[in-house]
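Working through the structure, step by step
Chain by chain, the residues:
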Amino acid sequence: MLRYFLVLAVTAGSLLVACFVLGLMASGEPRGPHAIWHGIHILFALLTILVTLAVHSIVYTYFLATGKWAKEVVRVYQLPDWINTQAKKNKRKAFRFVMWSSTWVMVAAWLGAASDTQGLNPLWHLESPR
């Protein structure tokens, strides 16, 4: 399972870095109908958002299922209750991380859309993921 999560994390991280680089390249070109990097950045950003949120959802679902599985194993095999308690602690830690990181990905996407369509200062979009 660790290998799968490593592949998912590297994929999402690589997409985020590539999207950032494409955004920097798009910010250097003048706006207009020939702004190719801008269009590529928008399409790549949509792909990155979908993949990143999917990875966060997979991780959250895994921790949710693992918590229920640990509870069932403790009950069936009459193991010490500290195992279930530790699983709950891990689930709570993962929940906060997954939800806040998903929120920041969505905020960056919304600010990017606002800076493109509403004329919002692009620095808000650039600084939000940091």
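In this convention, every chain numbers its residues from 1, walking through the sequence in written order. In view of the model being predicted, local features appear only for residues whose pLDDT reaches at least 70, and side-chain atom pairs are presented and counted only at 80 or more, with totals across whole chains, interfaces and linings using the full set of residues. To obtain the side-chain values, all non-hydrogen atoms of the structure were used and water was disregarded.

A word on the confidence of the model for the chain
Of the residues in the chain, 98% reach a pLDDT of 70 or more, and the chain-wide mean stands at 88. Per-residue confidence from the predictor is reported as pLDDT, a score between 0 and 100. In DSSP terms, a helix is any run of H or I states spanning at least four residues, a strand is any run of E spanning at least two, and both are numbered starting from the N terminus. The least confident element of the chain is helix 4 (residues 122-127), whose mean pLDDT is 75; the most confident is helix 1 (residues 2-27), at 93.

Brief notes about the layout of surface pockets
Think of a 1 Å grid over the protein atoms and nothing else: a 1.4 Å probe that fits but is trapped marks a cavity, an open set flanked by protein within 12 Å on at least five of seven lines marks a pocket, and residues with an atom within 4 Å of a point count as lining. Grid points are joined across faces, edges and corners, and a volume is the space filled by probe spheres set on the points. Taken as a whole, the largest pocket encloses approximately 1,100 Å³ of empty space. For the largest pocket, the lining is made up of 34 residues, of which Cys19, His41, Ala108, His125 and Leu126 are closest to its centre. Breaking the lining of the largest pocket down by element, the ones donating at least two residues are helix 1, helix 2 (36-77), helix 3 (82-117) and helix 4. Ranked by the residues each element gives to the lining of the largest pocket, the list is headed by helix 3, at 10 residues. Lys, Arg, Asp and Glu make up the charged group, whereas Ala, Val, Leu, Ile, Met, Phe, Trp, Tyr, Cys and Pro make up the nonpolar group; the residues left over, Gly among them, are polar. Its residues assigned to classes, the lining of the largest pocket shows 18 nonpolar, 12 polar and 4 charged. One number sums up the size of the second largest pocket: a volume of about 200 Å³. In this structure, the second largest pocket is lined by 13 residues; those nearest its centre are Ala9, Val55, His56, Val59 and Phe97. Elements represented by at least two residues in the lining of the second largest pocket include exactly helix 1, helix 2 and helix 3. No other element matches the 6 residues that helix 1 contributes to the lining of the second largest pocket. Residue composition of the lining of the second largest pocket, by class: 10 nonpolar, 3 polar and no charged.

Things to note about the packing of helix 2 against helix 3
For the pair helix 2 and helix 3, interaxial distance at closest approach is 9 Å and the crossing angle is 165 degrees. It follows from the interaxial angle that helix 2 and helix 3 lie roughly antiparallel. Crossing geometry of helix 2 relative to helix 3 is assigned as left-handed. The axes used here are C-alpha line fits, helices contributing only the stretch in contact, and every angle between their N-to-C directions lies in the interval 0 to 180 degrees. When an angle is under 35 degrees it counts as roughly parallel; over 145 it counts as roughly antiparallel; between 65 and 115 it counts as roughly perpendicular; any other value is oblique. Each crossing is labelled by how the near helix is turned from the far one, with a counterclockwise turn of less than a right angle marking it left-handed and a clockwise turn marking it right-handed.

Side note on a positive patch on the surface
Only residues above 30% relative accessible area that lack a salt bridge enter a patch, with like-charged residues linked at up to 9 Å and the nonpolar side chains Val, Leu, Ile, Met, Phe, Trp and Tyr linked at up to 5 Å. Per-residue accessibility takes into account occlusion by the displayed protein chains alone, with areas from the Shrake-Rupley method and a 1.4 Å probe. Salt bridges are defined by distance alone: a side-chain nitrogen of Lys or Arg within 4 Å of a carboxyl oxygen of Asp or Glu. Counted as positive: Lys and Arg. Counted as negative: Asp and Glu, with His and the chain ends omitted from the count. Where a charge lies is defined by one atom per residue type: Lys uses NZ, Arg uses CZ, Asp uses CG and Glu uses CD. Among the surface-exposed residues, Lys68, Lys71, Lys88, Lys89, Arg92, Lys93 and Arg96 lie close enough to one another that they form a single positively charged patch. At the level of elements, helix 2 and helix 3 are the ones that each hand at least two residues to the positive patch. Among the elements that make up the positive patch, the one with the highest residue count is helix 3 (5 residues). Inspection of the secondary structure assignment puts Lys88 in helix 3.

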